[in-house]
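# A look at the structure
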2 protein chains.
Amino acid sequence: MASMNDVAKRAGVSIATVSRVLNNSESVNEETRMKILKAIKELKYQPSRVAKRLRSKTGAGNLLGVLIPDIQNPFYVDVLRGIEDVAYQNNYVIIMCNFSQDEKKEAMYLEILESEAIDGLIAAPANEDDPRVKKIVRNGLPVVCVDRGLKGMDVDVVWVNNEESAYQAVSYMIEKGYKRIAHIGGLPTIPSSRLRLDGYRKALEDHGIQIDDSLIVQGDSSYVSGIQYTTQLLDLTTPPDAIFTGNNLITLGALEVINGRKLQIPGDIAVLGFDDMNWSNALNPPLTAVRQPAYEIGKRAGELLIQRINDPKRPAIQMTLNSELKVRQSC
Amino acid sequence: MASMNDVAKRAGVSIATVSRVLNNSESVNEETRMKILKAIKELKYQPSRVAKRLRSKTGAGNLLGVLIPDIQNPFYVDVLRGIEDVAYQNNYVIIMCNFSQDEKKEAMYLEILESEAIDGLIAAPANEDDPRVKKIVRNGLPVVCVDRGLKGMDVDVVWVNNEESAYQAVSYMIEKGYKRIAHIGGLPTIPSSRLRLDGYRKALEDHGIQIDDSLIVQGDSSYVSGIQYTTQLLDLTTPPDAIFTGNNLITLGALEVINGRKLQIPGDIAVLGFDDMNWSNALNPPLTAVRQPAYEIGKRAGELLIQRINDPKRPAIQMTLNSELKVRQSC
DNA sequence: TATCTTCGTGAAATCGTTTACATTTGTCTG
DNA sequence: CAGACAAATGTAAACGATTTCACGAAGATA
């Protein structure tokens, strides 16, 4: 691969001038600029992003880190797509790190990202006290959190109002006439899991429904946990007549069990899921769900991050997007 | 961040010696080694992967590029997971590039990847003549293709036998007694789309079934195309009694239409999908599908790539993994 | 004792950029 | 016409590692 040096030689100028043309900084004679552009074309010169990043510490590397807990979850895939679209438009490229809810893996990835001299990071930290991500923020790297905040840190966040969304969803279920509404929550260490549970509780209380602790279970946010806890709930002596599932994967696990038992949805048991999927209509019956604007969350996060890279001093923004209850036929 | 220079100063040695300790190359006195390790710990020194990559051109950067056509397709997500697991184990990190079947985007990403001095690339090229990926291979960068080969190039490939898998699936449908089996294929430019279609055709021929061209349609591999062509097929004066869908997303689109029309699966119309999903049992009825070992494809590809990075001369391998017909209840 | 190895280490070049500073030339002002 | 200033360009020092070469000391060999 041709380097700047080769270009400079070919054009009969110094590398400084080549650099100036490339970054169109300062003034350079129109004639030399042409000579240089010609040389660049002839040599098919492509600047090395690595060298650039090494030299100009920050903001010029056009490299973003993305740290997500679980790439199997369609929610994060959509977030990722949003980020990726913005990144592409701004000539950034993404290092994707999927830590699978494993904190050791998260720690290692963060170390690597630092040592890759990324210009910024979009992260969904393992929890809101996450010391590793906090350290990165303190070190001055531009960071935007998605889906989960960072307690006591003045950092950009993009999320939805989890508690209120859950509240509305469960209220809807109550109004529909369901009496025994169960909740399968995600990992309790994840803030959004707790908030959704809070919303669930509040809705029941506000509607004067006694909370039955046997109807509340919390797993690890996985597909398998959906299967396991739905089984447990359905095996109760007085099983629920509706389930409010805490995320995408749990919903799918629940559906597997319910279908397996040939139960009718929503006749025998209704299902309302937190997190919608693009293909929720392909489910039978189509799933009633709380739709987080996942793609938009990613997009906004990307925009905020690039803004912050260009202006590190700007005060932190907490952006709460609206989720929407998509009423279909499962509840 | 502390640099090697800082460590060297603190330990009272030269950076060369620090480097030697880090790469435990050559011999270094046990005492100095200790001093250096201590300094490293005290300064929380982390080597810069950027500098390393700049200096030692190839194989040392621990950076892999992954170029995939559509991250919304669960198949590629699983492939990505496989790659990611191997990468993590080998201390590599991944730059994820999703070109959304857009060749211009693909071209730009490839340029960037080159200029990031990646050590290797895993790609599902836009088509088997893809000049951009071919060029990269010719430039000597280690490349492994997944799902799609590269015509006339001696390059590692990991895939399944698409034609045979489709043949078996359609044969199964015929044996089940379906007479009018339709096929919704993916983008004809993608080799696997063509191979699956070939398998479909061959199965019909071998079973003495007349091919009805009105039952064969080809879209762009998307969810929307699934919706569109299923509608078209169902609106035929003599509609099919079964559909063999060409990929994941098409399958889901088809299900949406079928459910929307309140048709019974498989009573009114049977569905057999190419590509399984981890949650196929959550569909109602559970989907009968050809399961490509997506995760394993990614894993193998990752392993091959790392092998090739360490031994660029090793002859190319074409690895054909077995797909499996998962008989459930939709067909 | 003179020479040869081996071990442990440091000096310096290198990778491909950016950028602060210096230099040259020409034009303008008083 | 001297001095100031601007435009256009070059020189060289970074950035943070790896790696080649050289060198001194110590031990081995003849």
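In this report, we go over the structure that sits alongside the text. Computed from a predicted model, the values in this text were never measured in an experiment.

Considering all chains together, one arrives at 49 salt bridges over all chains under this definition. When the shortest N-O distance is used, the salt bridge between Lys105 of chain B and Asp85 of chain A registers 3.7 Å. With Lys105 of chain B in helix α6 (residues 103-115) and Asp85 of chain A in helix α5 (residues 74-89), this residue pair bridges two chains. For the salt bridge of Lys326 of chain A with Glu324 of chain A, the shortest nitrogen-to-oxygen distance reads 3.9 Å. A relative accessible area of 29% places Lys326 of chain A in the partly exposed class. Residue classification places Glu324 of chain A among the partly exposed positions, given a relative accessible area of 42%.

Of the residues lining the interface, 49 residues belong to chain A; the matching set on chain B comes to 49 residues. Overall, the association of chain A and chain B removes approximately 4,700 Å² of surface from exposure, summing both partners, and the carbon and sulfur fraction of that is 59%. Summed over the shared surface of chain A and chain B, the result is eight salt bridges. Note that Glu84 of chain A is salt-bridged to Lys105 of chain B, the shortest N-O span being 3.4 Å. If you look at where chain A meets chain B, you find 26 residue pairs in polar contact (both at pLDDT 80 or more). Looking at the side of chain A that touches chain B, the elements that each hand over two or more residues are α4 (49-55), α5, β2 (93-98), α6 (103-115) and α11 (248-260) of chain A. If you tally residues by element for the side of chain A that touches chain B, the top one is α6 of chain A, at eight residues. Looking at the side of chain A that touches chain B residue by residue, the classes come out as 24 nonpolar, twelve polar and 13 charged. With two bridges connecting them, β2 of chain A and strand β2 (residues 93-98) of chain B associate as antiparallel partners.

Below, the discussion takes up the relation of the copies chain A and chain B. Structural alignment of chain A on chain B gives an RMSD of 0.1 Å, achieved by rotating through 180° and translating 0.1 Å along the axis. Those values place the two copies in the arrangement expected of a two-fold rotation axis. Distance from the rotation axis, computed per C-alpha, reaches its smallest value in chain A at Ile95 of chain A: 2.2 Å. When the interface residues of chain A are mapped onto chain B, 98% of them are again interface residues, pointing to one common binding face.

What follows concerns the nonpolar core. Core analysis: the biggest nonpolar cluster contains 88 residues, and Tyr200 and Phe244 of chain A together with Tyr200, Phe244 and Trp279 of chain B have the highest contact counts within it. In this structure Tyr200 of chain B touches Ala166, Val170, Ile181, Ala182, His183, Leu215, Ile216 and Phe244 of chain B, once residues within four positions along its chain are discounted. The next biggest cluster of nonpolar side chains, apart from the first, holds 58 residues, and it includes Ile68, Ile83, Ile94 and Val144 of chain A.

Before going further, it helps to examine the pairing of strand β1 (residues 63-68) of chain A. All names here are of chain A. Here β1 lies mainly inside the structure; six of its six residues are buried. Going residue by residue along β1, you find Leu63, Gly65 and Leu67 tucked away on one face and Leu64, Val66 and Ile68 tucked away on the opposite face as well. Across six bridges, the pairing between β1 and β2 is parallel. Note on β2: the bridge partner recorded for Ile68 is Asn98. Taken together, β1, α5 and β2 constitute a β-α-β crossover, and its handedness is right-handed. One ladder, built from four bridges, connects β1 with strand β3 (residues 120-123); its direction is parallel. Across the sheet, the residue bridging to Val66 is Ile122, located in β3.

Quick notes on the rules
Residues numbered from 1 in each chain as written. Chains lettered and ligands numbered in written order. Predicted model: local features only at pLDDT ≥ 70, side-chain atom pairs only at ≥ 80, totals over all residues. Heavy atoms only, no water. Salt bridge = Lys/Arg side-chain N within 4 Å of Asp/Glu carboxyl O. Helix = DSSP H or I, 4+ residues; strand = E, 2+ residues; numbered from the N terminus. Buried < 20%, exposed > 50% of the residue type's maximum accessible area, 1.4 Å probe, protein only. Contact = heavy atoms within 4.5 Å. Buried area = accessible area lost by both parts, 1.4 Å probe. Polar contact = N/O pair within 3.5 Å; in protein donor to acceptor, adjacent residues only side chain to side chain. Nonpolar A, V, L, I, M, F, W, Y, C, P; charged D, E, K, R; others polar. Pairing = 2+ DSSP bridges. Least-squares fit on C-alpha atoms with pLDDT ≥ 70 in both. Core = buried A, V, L, I, M, F, W, Y, C linked by side-chain atoms within 4.5 Å. Right-handed = clockwise from strand over helix to strand, strands pointing away.

Note that all results are geometric; they support no functional claim without further evidence.
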